[in-house]
Amino acid sequence: MTKKKIVILGSTGSIGINTLRVIECLGDRFQVIGLAARKNINLLERQIKKFHPKVVALVDRKSARELRGRFKNIRVLSGREGLIEVATLAGADLVISAIVGAPGLIPTLEAVKAKKRVALANKEALVMAGEIVMREAHKKGVKILPIDSEHSAILQCLKAEKEKDVSRIILTASGGPFLKFSSSRLKSVTPQEALRHPTWEMGKKVTIDSATLMNKGLEVIEAHHLFGVDIDRIEVVIHPQAIVHSLVEFVDGTILAHLGTPDMRLPIQYALTYPERLSAPLERLDLTKIKGLTFQKPDTRKFPCLKLAYEAARIGGTAPAVLNATNEIAVSLFLKRKIKFMEIPRMIEKVLNRYKPIKNPTLSEILKADAWAREEALRC
Ligand code: MG
């Protein structure tokens with residue numbers, strides 16, 4: 001059996017670490033040939049010793065120099081161009097795109113252009129430039145497989161179905177740690193409280209996005225591009241148990257749902273082995289132990305980020321890139337305790353209101369909009 005050759009962009013982040021755990025469990029079906037990270041040199045060193053990639057990249061040049069001193073027999077690339085070289089590595093069958101935020105866009109797009117199948121965890125790439133990425137994927141005949149649990153669920157619900165038979169997509173959201181908090185309590189929540197997610201273990205950025213519901217807003221836009229379904233046919237329901245990972249309703253009223261334990265290794269494995277299914281050493285869902293499955297409408301008064309994401313998505317063009325960039329700045333300021341939790345949506349709304357979106361933007365117009373929003377956000 002020929003091994004599937006894997007490249008992981010963002011190997012030291014939460015998705016990267018879990019992808020390597022899955023690969024380890026699946027044994028010799030996979031070969032890791034490239035790894036890229038920002039600057040976590042010690043973890044990358046351990047990953048190199050265990051998985052023996054041919055090429056690695058560190059975006060941070062100083063860290064890359066240090067790593068070169070530790071390994072004489074592998075290529076250590078650096079900077080954005082090093083990242084792109086790993087993303088387009090000759091021989092790679094699958095590129096795991098798991099860089100957090102806007103920096104994931106260009107390497108993801110370059111992987112697609114190089115005809116690599118992409119397993120996408122970096123939803124921001126589709127939020128910013130969904131039309132461009134998907135157009136390129138169609139042109140090159142490249143499959144983009146979601147790693148996001150909700151989108152993996154939808155992909156599986158749609159597997160045997162026709163696009164024209166879909167009436168709507170229902171994305172589930174756990175609701176995050178503040179689901180039951182009052183509006184006044186929300187004003188004083190701290191980064192520590194926001195980072196305590198009740199069901200999913202994830203990186204910092206996506207955990208804060210889950211607390212504001214922006215994560216779900218970004219996922220609505222991601223689903224719109226991945227599955228070609230209009231924004232207003234994508235609905236969000238709060239489902240705190242995080243057992244139903246998403247649902248698809250068809251024209252006859254049938255709803256297909258995907259259930260499973262909330263463990264990122266499940267959607268990661270599906271993206272790795274797609275269209276095959278392999279046995280996984282994960283905890284099984286015991287239906288008789290589930291106390292109940294509840295669903296409710298999201299409260300967009302308490303969590304305005306979700307509404308803002310829908311608004312930006314309906315405007316389209318460069319508006320979602322501005323939403324995303326402002327959110328990234330707002331989240332980093334919140335994590336540094338420079339702004340309060342409820343200032344995250346306020347900042348996004350302000351910047352969006354000051355922005356004149358461009359229709360059918362080019363990539364450079366999208367990157368310009370992203371840069372403009374970051375500066376404008378800091379002026380708020
Ligand atoms: Mg998700």
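Residues numbered from 1 in each chain as written. Predicted model: local features only at pLDDT ≥ 70, side-chain atom pairs only at ≥ 80, totals over all residues. Heavy atoms only, no water.

1. Observations regarding the overall build of the chain
What the chain contains, in helices and strands, is 16 helices and eleven strands. On C-alpha atoms alone, the chain measures out to a radius of gyration of 20 Å, which is about the 21 Å that the 2.2 N^0.38 rule sets for 380 residues. Each principal axis of the C-alpha atoms in the chain carries an extent, and together these give about 55 × 50 × 40 Å. Per-residue burial for the chain yields a buried fraction of 58% across its 380 residues. If you take every contact in the chain between residues at least 6 apart in sequence, the share linking residues at least 24 apart comes to 68%. For the chain, the accessible area works out to roughly 17,300 Å², and carbon and sulfur atoms hold 51% of it. (Helix = DSSP H or I, 4+ residues; strand = E, 2+ residues; numbered from the N terminus. Rg over C-alpha atoms; globule rule 2.2 N^0.38 Å. Buried < 20%, exposed > 50% of the residue type's maximum accessible area, 1.4 Å probe, protein only. Contact = heavy atoms within 4.5 Å. Areas by Shrake-Rupley, 256 points an atom, 1.4 Å probe, with all protein chains shown as cover.)

2. Quick look at the sheet that holds strand β10 (residues 244-250)
Strands pair in a sheet through their backbones, by hydrogen bonds, and they do so in one of two ways: parallel or antiparallel. Taken in spatial order, the four strands of this open sheet run β9-β8-β10-β11, and their pairing is mixed. Across the chains shown, the open sheet's two edge strands, defined by having one partner strand only, are β9 (234-238) and β11 (255-259). If you compare each strand with its neighbour and ignore which way they point, the axes differ by 20° on average. Across five bridges, the pairing between strand β8 (residues 166-173) and β9 is parallel. By the bridge assignment for β9, I169 is matched with I234. Strand contacts of helix α11 (residues 214-227): β8 and β9, with the helix running at about 150° to β8, the strand carrying the most contacts. (Pairing = 2+ DSSP bridges. Axes fitted to C-alpha atoms, helices over the stretch in contact; angles between N-to-C directions.)

3. Examining helix α1 (residues 14-26)
With 13 residues, α1 extends 19 Å between its outermost C-alpha atoms, agreeing within 8% with the 18 Å of an ideal straight helix rising 1.5 Å per residue. Restricting attention to buried positions, one finds in α1 the residues I15, G16, N18, T19, L20, V22, I23 and L26. Along its buried surface, α1 packs onto β1 (4-9), β2 (30-37), α2 (41-51), β5 (94-97) and α12 (265-273). (Expected span 1.5 Å × (residues − 1).)

4. Quick look at the pattern of salt bridges
Using the criterion set out here, one finds 29 salt bridges in the structure. Here E110 makes a salt bridge to K113, at a shortest N to O gap of 3.9 Å. With E110 and K113 both in helix α5 (residues 105-113) and three residues apart, this pair spans about one turn of that helix. Relative accessible area serves as the criterion here: at 35%, K113 is assigned to the partly exposed category. Across the salt bridge formed by R379 and E376, the nearest N and O atoms sit 2.6 Å from each other. With R379 and E376 both in helix α16 (residues 363-379), this residue pair falls three residues apart, about one helical turn. (Salt bridge = Lys/Arg side-chain N within 4 Å of Asp/Glu carboxyl O.)

5. So, the packing of aromatic side chains
This structure, assessed with the given rule, holds five aromatic pairs. Between Y270 and Y274, the ring centres sit 5.7 Å apart and the planes meet at 85°, which makes this aromatic pair edge-to-face. Residue Y270 shares its accessibility class with Y274, and that shared class is buried. (Phe/Tyr/Trp six-rings, centres within 6.5 Å; stacked < 30°, edge-to-face > 60°.)

6. A word on the packing of helix α4 (residues 79-87) against α5
Contact pair α4 / α5: the axes reach a minimum separation of 8 Å and the direction vectors enclose 35°. The hand of the α4/α5 crossing is right-handed. In contact with L83, I84 and A87 of α4, α5 contributes I106, P107, E110 and A111. Grouping the amino acids of the contact of α4 with α5 by side-chain chemistry returns six nonpolar, no polar and one charged. (Left-handed = near helix turned anticlockwise from the far one by under 90°. Nonpolar A, V, L, I, M, F, W, Y, C, P; charged D, E, K, R; others polar.)

7. Remarks on the coordination of the magnesium ion
Protein-derived ligands of the magnesium ion are D148 (OD), E150 (OE) and E219 (OE), with the metal-ligand distances lying across 2.1 to 2.2 Å. The motif formed by the donor residues of the magnesium ion, counted along the single chain, is D-x1-E-x68-E. Here the residue D148 occupies a position in the loop between β7 (144-146) and α7 (149-158), and E219 occupies one in helix α11, the gap between them amounting to 71 residues. For the pair formed by D148 and E219, the shared burial category is buried. (Donors = N, O, S within 2.8 Å, 3.2 Å for Na, K, Ca; no water.)

8. Side note on the pairing of strand β4 (residues 75-78)
In the sheet, strand β3 (residues 55-58) pairs with β4 via four bridges, with the strands oriented parallel. Opposite A57, over in β4, you have L77 as the bridge partner. Between the parallel pair β3 and β4, the chain is carried across by helix α3 (residues 61-70), and the sense of this crossover is right-handed. (Right-handed = clockwise from strand over helix to strand, strands pointing away.)

9. Quick word on the domain arrangement of the chain
Domain boundaries in the chain define domain 1 (4-146) and domain 2 (151-261 + 296-379). Centre-to-centre, using C-alpha coordinates, domain 1 lies 24 Å away from domain 2. Contact residues are listed per partner, giving 21 residues for domain 1 and 26 residues for domain 2. The junction of domain 1 with domain 2 conceals about 1,900 Å² of combined surface from both sides, 71% of it contributed by carbon and sulfur atoms. It is K123, V127 and P146 in domain 1 that bury the most area against domain 2; as a group they hold 34% of the surface buried on that side. Our count for the domain 1 to domain 2 interface comes out at two salt bridges. Across the contact surface, domain 1 and domain 2 share four residue pairs in polar contact (both at pLDDT 80 or more). The set of elements that each furnish at least two residues to the side of domain 1 that touches domain 2 consists of α5, α6 (123-140) and β7. In terms of residue count, α6 provides more of the side of domain 1 that touches domain 2 than any other element does, ten residues in total. (Domains from an automatic or database assignment. Buried area = accessible area lost by both parts, 1.4 Å probe. Polar contact = N/O pair within 3.5 Å; in protein donor to acceptor, adjacent residues only side chain to side chain.)

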